[in-house]
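Tertiary structure, described
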Amino acid sequence: MNISDIQQKLSSKILIFPHIPKTAGTTLRSVILSQYSQEKVHFLKVSQTPLEAAQKISEYDNKRVHCYVGHMPYGLHKYLAKPAIYITLIREPVDRIISMYYFIREEPAHRLHNEFLSKDISLEDFVLSRNCPRNEQVKKIAGSMVGSAKETMDLAYQNICNHFLAVGTQDNFDDFLQVLQNILGWKNKSYTKQKVTKNRKNKREVSQELIDIIKQKNGMDIAFYNNLKNKFTIKNFDYIVSRTTSKFIKNEW
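Residues numbered from 1 in each chain as written. Predicted model: local features only at pLDDT ≥ 70, side-chain atom pairs only at ≥ 80, totals over all residues. Heavy atoms only, no water.

This part covers the packing of helix α5 (residues 93-106) against helix α11 (residues 208-217). Closest axis-to-axis distance for the α5/α11 pair is 9 Å, and the angle between their directions is 110°. With respect to α11, the axis of α5 lies roughly perpendicular. Where α5 abuts α11, its residues Pro93, Val94, Ile97 and Ile98 lie against Ile211, Ile214 and Lys215. (Axes fitted to C-alpha atoms, helices over the stretch in contact; angles between N-to-C directions. Helix = DSSP H or I, 4+ residues; strand = E, 2+ residues; numbered from the N terminus. Parallel < 35°, antiparallel > 145°, perpendicular 65-115°, else oblique. Contact = heavy atoms within 4.5 Å.)

Each aromatic ring pair is summarised here by two numbers: the centre-to-centre distance and the angle between the ring planes. Tallied over the full model, the rule gives 12 aromatic pairs. Between the aromatic rings of Tyr74 and Tyr86, the centroid separation amounts to 4.9 Å while the plane-to-plane angle is 35°, which identifies the pairing as tilted. Highlighted residues: Tyr74 in the loop between β3 (67-70) and β4 (84-90) and Tyr86 in strand β4, separated in sequence by 12 residues. Like Tyr74, the residue Tyr86 is buried in the burial classification. On the numbers, 5.6 Å between centres and 65° between planes, the contact of Phe116 with Phe126 is edge-to-face. (Phe/Tyr/Trp six-rings, centres within 6.5 Å; stacked < 30°, edge-to-face > 60°. Buried < 20%, exposed > 50% of the residue type's maximum accessible area, 1.4 Å probe, protein only.)

Take empty space enclosed by the protein next. In the structure shown here, the tally under the stated rule is two cavities of 30 Å³ or more. As a volume, the largest cavity reaches approximately 50 Å³. Surrounding the largest cavity, Val167, Gly168, Thr169, Asn172, Asp175, Phe176, Leu228, Lys229, Lys231, Phe232 and Thr233 form its lining. Put simply, the parts of the chain that give the lining of the largest cavity at least two residues each are β5 (164-169) and α10 (173-184). Element by element, the count of residues in the lining of the largest cavity is highest for β5, at three residues. For the lining of the largest cavity, the class distribution of residues is four nonpolar, four polar and three charged. (1 Å grid on protein atoms, 1.4 Å probe; cavity = no way out; pocket = protein on both sides within 12 Å on 5 of 7 lines; lining within 4 Å. Points joined across faces, edges and corners; volume = space filled by probe spheres on them. Nonpolar A, V, L, I, M, F, W, Y, C, P; charged D, E, K, R; others polar.)

Dropping the structure here:
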């Protein structure tokens with residue numbers, strides 16, 4: 001099976017992009033919109049469960065849409081009329097939490113923005129609060145927190161194995177985009193980075209003590225990121241092609 005055959009087969013699948021916050025997902029959304037006509041892309045509002053996301057899709061959309069994008073966990077494919085595959089982006093967890101804090105302070109539309117400013121919430125306050133995500137990336141790809149941490153992690157890996165075409169990283173975005181262009185037959189188009197947090201500290205400016213707290217609270221995400229960050233890269237494109245071919249030959253996709 002050559003790359004043209006793979007691209008043709010993939011074009012018949014619904015593409016689902018579960019957008020994990022602060023992973024360059026808004027930039028990827030803009031790229032997706034440049035690849036498909038607007039009526040073929042459906043942007044879903046924030047959903048806590050796959051069923052909640054599915055309930056926001058009309059029967060008309062279910063028939064015409066080629067790509068679903070939104071802040072939602074894995075699992076939407078179970079409610080769609082056609083077979084689907086997933087793509088997503090992840091990010092180094094410590095940098096992601098730091099970026100999220102400064103994004104909330106900058107973004108008036110964020111639900112926590114006013115509270116952050118009125119109470120002068122510090123980065124440490126945020127990290128120690130219930131509002132700071134814990135292992136959100138693993139949980140989103142697993143679909144939910146199930147049983148132990150190991151069981152949730154195993155489920156996330158199982159979902160990637162069974163349903164994800166590729167998983168990219170925020171810090172290697174251009175490489176991931178090249179993978180998608182090659183495997184999906186996307187056109188090579190320029191893009192502008194979206195929702196970049198401008199006024200923020202980098203990791204080197206944050207105390208080691210606070211970094212250690214973030215790591216302790218996001219151990220699953222850190223292990224997950226380190227295991228996947230070099231897997232779906234252009235350097236490993238032959239593996240991606242071989243894996244995709246195998247899925248089609250075995251009728252798994």
